[in-house]
Amino acid sequence: MTLSSTEAAPVSAPTTERIDRIRAAAYRIRHNALTMGEVQGQGYVGQALGAADMFASVYADQLTYRAEDPHWEGRDRFLLSTGHYAIGHYAALAEAGIVPVAELETYGSDDSRLPMSGMSTYTPGMEISGGSLGHGLTIAVGMALGLRLQGSASRVINFLSDGELDEGSTWEAAMGAHHHQLGHLTAMVDINALQADGATDTVLRTEPVTEKWESFGWYTQRVDGNDVGALLAAFDNIAAVAAPVGRPSVILCDTKVGRGVPLLETREKAHFMRIEENEWQICREQLTAGYEGTAA
Ligand SMILES: Cc1ncc(C[n+]2csc(CCOP(=O)(O)OP(=O)(O)O)c2C)c(N)n1
Ligand SMILES: [Mg+2]
């Protein structure tokens, strides 16, 4: 369900078939993330599970790319500014066929192409390096301008987190995107209400987020980021209303850390989770039961 939007768009709702296909991709992305988390016994598993529906909507529905040629010039660009979410991005790259599923077991190990924080020089399909927050949208704006200068039809999608909205550079970029009428730029913000040390509300309140983006001139929609139908509808609205008039767009996605695995949805200290050896199988079973609708 779309909770709020700048203006209503005249598009029909996504079909059940399309939603089911993306839900299935999100399930596999969550599964892939658990595979990687188990290798390390800990990590940013909660974020990967929470953002899986966002990653699935982007990779399985929105992006144009060639799996066998990740640097193909005509590709759409997906920029992960939150390096610690790399586990979720790798899971999506595996789902997309850009990274072999078998390689996920090397996650975070020496010599792996899949380091714990996203690095563009290591991983096929990883457009930028993460780590220092607040740079993704600035790079996305530059990239979108460059693509336009080259006469390219490629889109740029930037993934940010709610904690990343603390960074002033994000807002400078937001202002620039509107000024330059970057209708082919979309930001997605994972609002999981958490930012490392505690609840976003207590560390540095970012609300009212919708009004902030609207005041910067962006086509703004706030949706349940764990509702695939709402995410797809938001992208359809952008294509119908914002992109044609050169208006940058943002999808503000309210998500739940650990989504899909009840054992992890309620875990304390969720930013960097430690998961015991005997819990991984329970996680997988809960994930599958939830997806198949057989949970108790
Ligand atoms: C410029 C910068 N400042 C601080 C950090 C340290 N840091 C790493 S993750 C993080 C929390 C960011 O918020 P969010 O991504 O919303 O956290 P999560 O939801 O994953 O808990 C911080 C402050 C950083 N990586 N870069
Ligand atoms: Mg957060």
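Source: prediction; values computed, not measured.

J.: Got a sec to walk through the overall build of the protein chain? Specific residues and values, please.
T.: The helix and strand tally for the protein chain stands at 10 helices and 10 strands. Whereas a compact globule of 296 residues would reach a radius of gyration of roughly 19 Å, the protein chain reaches 18 Å, a difference of no more than 12%. Principal-axis analysis of the C-alpha atoms gives the protein chain an extent of 50 × 40 × 40 Å. At a minimum sequence separation of 6, the contacts of the protein chain that also span at least 24 residues come to 76%.

J.: Just give me the short version of the environment of isoleucine 98, but keep the residues and values in it.
T.: With respect to the helices and strands, the residue isoleucine 98 is situated in the loop between helix H3 (86-95) and helix H4 (136-149). On the basis of neighbour counts, which here come to 20 C-beta atoms within 10 Å, the residue isoleucine 98 falls in the buried class. Between the C-alpha atom of isoleucine 98 and that of threonine 123, which follows or precedes it by 25 residues, the distance is 9.4 Å. For isoleucine 98, the residues in contact, after removing those within four places along its chain, are Ala67, Pro70, Leu93, Pro124 and Gly125.

J.: Account for the site of ligand 1, with residues named and values stated.
T.: Ligand 1 sits among 16 residues. The nearest are Leu133, Ser161, Gly163, Gln195 and Ala196. Considered class by class, the residues forming the shell around ligand 1 number 3 nonpolar, 11 polar and 2 charged.

J.: Please give an account of the pairing of strand S8 (residues 219-224) that cites residues and values.
T.: Working note: regular strand, side chains alternate between the two faces of the sheet. For S8, a buried count of 5 out of 6 residues is recorded, marking the element as mostly surrounded by other parts of the structure. Bridge count between S8 and strand S9 (residues 249-254): 6 bridges; the pairing is parallel. Across the sheet, residue arginine 222 finds its bridge partner in S9, namely leucine 252. The parallel pair S8 and S9, bridged by helix H8 (residues 228-242), forms a crossover whose chirality is right-handed.

J.: Break down the packing of helix H1 (residues 16-40) against helix H10 (residues 279-292) for me, citing the residues and quoting the values.
T.: As a packed pair, H1 and H10 sit with axes 11 Å apart at the nearest point and diverge in direction by 175°. Relative to H10, the element H1 lies roughly antiparallel. Listed contacts from H10 to Tyr27, Arg30, His31, Leu34 and Glu38 of H1 are Trp280, Cys283, Arg284, Leu287 and Tyr291. Here the contact of H1 with H10 is built from residues that sort into 6 nonpolar, 1 polar and 3 charged.

J.: For the pairing of strand S5 (residues 185-191), give the residues involved together with the corresponding values.
T.: The buried count for S5 comes to 7 of 7 residues, which makes it a mostly enclosed element. Taking every second residue as pointing to the same face, both faces of S5 are buried, with Leu185, Ala187, Val189 and Ile191 on one and Thr186, Met188 and Asp190 on the other. In terms of strand pairing, strand S4 (residues 156-161) meets S5 through 6 bridges, oriented parallel. Residue pairing for S5: phenylalanine 159 is matched across the bridge by methionine 188.

J.: Outline the packing of H1 against H8, supporting the account with residue identities and numerical values.
T.: Taken N-terminus to C-terminus, the directions of H1 and H8 make an angle of 115°; their axes are 9 Å apart at the nearest point. Comparing their axes, H8 and H1 come out roughly perpendicular. Considering only the axes of H1 and H8, their crossing is right-handed. Packed against H1, whose contacting residues are Arg18, Ile19, Ile22, Arg23 and Ala26, the element H8 presents Val228, Gly229 and Leu232 at the interface. Classifying every residue of the contact of H1 with H8 by side-chain character gives 5 nonpolar, 1 polar and 2 charged.

J.: Kindly report on the nonpolar core, identifying the contributing residues and their values.
T.: Formed by 83 residues in total, the largest nonpolar core has its most connected members in Ala33, Ala48, Ile87 and Tyr90. If you tally residues by element for this core, the top one is helix H2 (residues 45-62), at 11 residues.

J.: Which residues make up the environment of serine 117, and what are the values?
T.: Within the secondary structure, serine 117 is located in the loop between H3 and H4. Overall, the presence of 17 C-beta atoms within 10 Å leaves serine 117 in the partly exposed class. Sequence spacing of serine 117 and asparagine 192 is 75 residues, and the spatial spacing of their C-alpha atoms is 19 Å. Look past the residues within four positions of serine 117 in its chain and what remains in contact with it is Gly83, His84, Ala86, Gly130 and Gly131.

J.: I'd love a proper account of helix H5 (residues 168-179), names of residues and values included.
T.: The terminal C-alpha atoms of H5 lie 17 Å apart, and with 12 residues this matches the ideal 16 Å at 1.5 Å per residue to within 8%. Inspection of H5 places Thr170, Ala173, Ala174 and Ala177 among the buried residues, and these make up the whole buried set. Along H5, the residues classed as buried sweep out an arc of 105° about the axis, all on the same side. Relative to its buried face, H5 has exposed residues pointing more than 90 degrees away, namely Gly168 and His179. Looking at the residues trailing H5, positive phi occurs at glutamine 181, about 55°.

J.: Which residues make up unusual backbone geometry, and what values go with them?
T.: Omega for the peptide link from glutamate 207 to proline 208 comes to 0°, which places this bond in the cis form. Residue placement: proline 208 occurs in the loop between helix H6 (200-203) and helix H7 (209-215). Unusually for a residue other than glycine, glutamine 181 sits at a positive phi of about 55°. Within the element layout of this structure, glutamine 181 appears in the loop between H5 and S5. Judged by the 14 C-beta atoms lying within 10 Å of it, glutamine 181 falls in the partly exposed class.

About the criteria used
Think of each chain on its own: its residues are numbered from 1, step by step along the sequence as written. Lettering for chains starts from A, numbering for ligands starts from 1, and both go in the order in which the items are written. Local features in a predicted model are, by the rule used here, given only for residues with pLDDT of at least 70; side-chain atom pairs are given and counted only at 80 or more, and totals for whole chains, interfaces and linings are based on all residues. Each helix is a run of H or I in the DSSP string that is no shorter than four residues. Each strand is a run of E no shorter than two, and both are numbered from the N terminus. Each radius of gyration reported is based on C-alpha atoms, and the globular scaling rule is 2.2 Å times the count of residues to the power 0.38. Two residues qualify as being in contact provided that their C-beta atoms, derived from the backbone, are within 7 Å of each other. Exposure classes come from backbone-placed C-beta atoms, where a residue is buried if 20 or more other C-beta atoms lie within 10 Å of its own, exposed if 12 or fewer do, and partly exposed in between. Any residue whose C-beta atom, as placed from the backbone, lies within 6 Å of a molecule or strand is termed near it. Only Asp, Glu, Lys and Arg are considered charged, only Ala, Val, Leu, Ile, Met, Phe, Trp, Tyr, Cys and Pro nonpolar, and every remaining residue, Gly among them, polar. A strand pair is defined by DSSP finding two or more bridges across the two strands. When the strands point away from the viewer and the connection leading from the first strand across the helix to the second strand turns clockwise, the crossover is called right-handed. For helices, the fitted line uses only the C-alpha atoms of the stretch in contact; every axis is such a line through C-alpha atoms, and the angle between N-to-C directions lies from 0 to 180 degrees. Each angle receives one of four descriptions, namely roughly parallel if under 35 degrees, roughly antiparallel if over 145, roughly perpendicular if within 65 to 115, and oblique otherwise. By definition, any crossing whose near helix is turned counterclockwise from its far helix by less than a right angle is left-handed, and any crossing with a clockwise turn is right-handed. Nonpolar cores are built from buried Ala, Val, Leu, Ile, Met, Phe, Trp, Tyr and Cys residues. These are joined into a set through C-beta atoms within 7 Å. Here a helix's expected span is defined as the number of its residues, less one, multiplied by 1.5 Å. The directions considered for the arc run from the helix axis to the C-beta atoms.

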